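Each chain, letter by letter, is given below.
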Amino acid sequence: MHDFLRKLPKVELHLHIEGSLEPELMFQLAKRNNIELPYATISEAKAAYQFDDLQGFLNLYYLGMNVLRTEQDFYDLAMDYFKRARAEGVVHIDMHFDPQAHLQRDVPLNVVMAGLLRAKQEAEASLDLSVGMIMAFLRDRPADEALQVLEQAAPYWQYLDAIGLDSAERNNPPRKFQALFARAKELGLVRVAHAGEEGPADYIAEALDVLDVQRIDHGVRCLESSDVVQRLREQQVVLTVCPLSNVSLKVVEQLRDHPLPKLLAEGLKVTISSDDPAYFGGGLLTNHMACADAFGWDADLFCTLNRNAIEEAFTNEKRRAELL
Ligand code: HPA
Ligand code: ZN
């Protein structure tokens, strides 16, 4: 099965590019930019990646990305991941990125966008890897800041496929961002949001009702509400489930306890993603192999999950037909 999964052309809908920053590249960029890291060695960094919850991870995630300063850094970050993913058989990635996390550190939006867009164009031209762009907003920051950043991004709207909502979920309900998502809809942008990762099932319903999202990132806690499950099933809303992320952040204790089989039994439109591969123990292939080992899934099931992802991927119909 592992060999089949390696060869399967895989599509990933939920990936934070800043969460693909491997310690090796983090050390290189720290040196290049004269930045002191809180870790003495690469292995010390890796050893620190033990989390109790989402906030514990986010603290190190924001710390790690501090090495990203120049356009070249953002290009190197994305290209490093794209090459690794392609070598694991990934053919399409919908990539979240967090502009506010960079603006806060006085890294301008044009630096972030120029680097990421150059990597995307190069991947599409030379790696046979297509890339969707999801500008994500930090839900633990003020809503009016998010709106300002979306307006500031006007020169880049044409390059965006969607906006997303990430960072600390608890006590930051979707409704806080009603105006932001309404504006994105007005601009013709698709909307997606993290919901039901650490937050309650209600947040999933609220993301659908108030933010009019097309996808739910994570969504695993939907199982706490039969109404929410029914709704997700009826509308076939795609869930971008990230198994190893959920284990790392203790959303579940171990992969064998993961609700993935239950989500499938409920008839939901499930897909598999890696979320933050540098922090959670591996990329899309590793997530697939771990599911094969934990759940004994067959090739047909993996093909179904991957087809779900292809149907929902932010790409044009020509590329979708190639991927199907
Ligand atoms: N959840 C919420 N916010 C995030 C994540 C995540 O898994 N990764 C990066 N930002
Ligand atoms: Zn995520």
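Residues numbered from 1 in each chain as written. Chains lettered and ligands numbered in written order. Predicted model: local features only at pLDDT ≥ 70, side-chain atom pairs only at ≥ 80, totals over all residues.

Attention now moves to the UniProt feature "active site" (unreviewed entry) in the chain. According to UniProt, the positions carrying the feature "active site" (unreviewed entry) are Glu197. One can find Glu197 in the loop between strand 5 (190–195) and helix 10 (201–210). Judged by C-beta crowding, with 24 C-beta atoms within 10 Å, Glu197 ranks as buried. Apart from the residues lying within four places of it in its own chain, the contact partners of Glu197 are Leu54, Glu169, His218, Val220 and Val251. (UniProt positions renumbered as here; feature names shortened; annotations may be inferred. Helix = DSSP H or I, 4+ residues; strand = E, 2+ residues; numbered from the N terminus. Buried ≥ 20, exposed ≤ 12 C-beta atoms within 10 Å, placed from the backbone. Contact = placed C-beta atoms within 7 Å.)

Those residues carrying the UniProt feature "site: Important for catalytic activity" (unreviewed entry) are His218 in this numbering. Among the secondary structure elements, His218 is positioned in strand 6 (residues 215–218). Beyond its immediate sequence surroundings of up to four residues, His218 is in contact with His194, Ala195, Gly196, Glu197, Thr240, Val241 and Cys242.

This part takes up the site of ligand 1. Inspection of the region around ligand 1 gives His16, Gly19, Leu54, Tyr61, Asp166, Ser167, His194, Glu197, Ser245, Asp275 and Asp276 as its neighbouring residues. For the shell around ligand 1, the class distribution of residues is two nonpolar, five polar and four charged. (Near = placed C-beta within 6 Å. Nonpolar A, V, L, I, M, F, W, Y, C, P; charged D, E, K, R; others polar.)

Bringing the nonpolar core into the picture now. Counting 92 residues, the largest nonpolar core has Ile204 and Ala207 as its most contacted members. A per-element tally of this core places strand 3 (residues 130–138) first, with seven residues. When sequence neighbours within four positions are dropped, the list of residues in contact with Ala207 reads Pro174, Ala193, Ala195, Val213 and Ile216. (Core = buried A, V, L, I, M, F, W, Y, C linked by C-beta atoms within 7 Å.)

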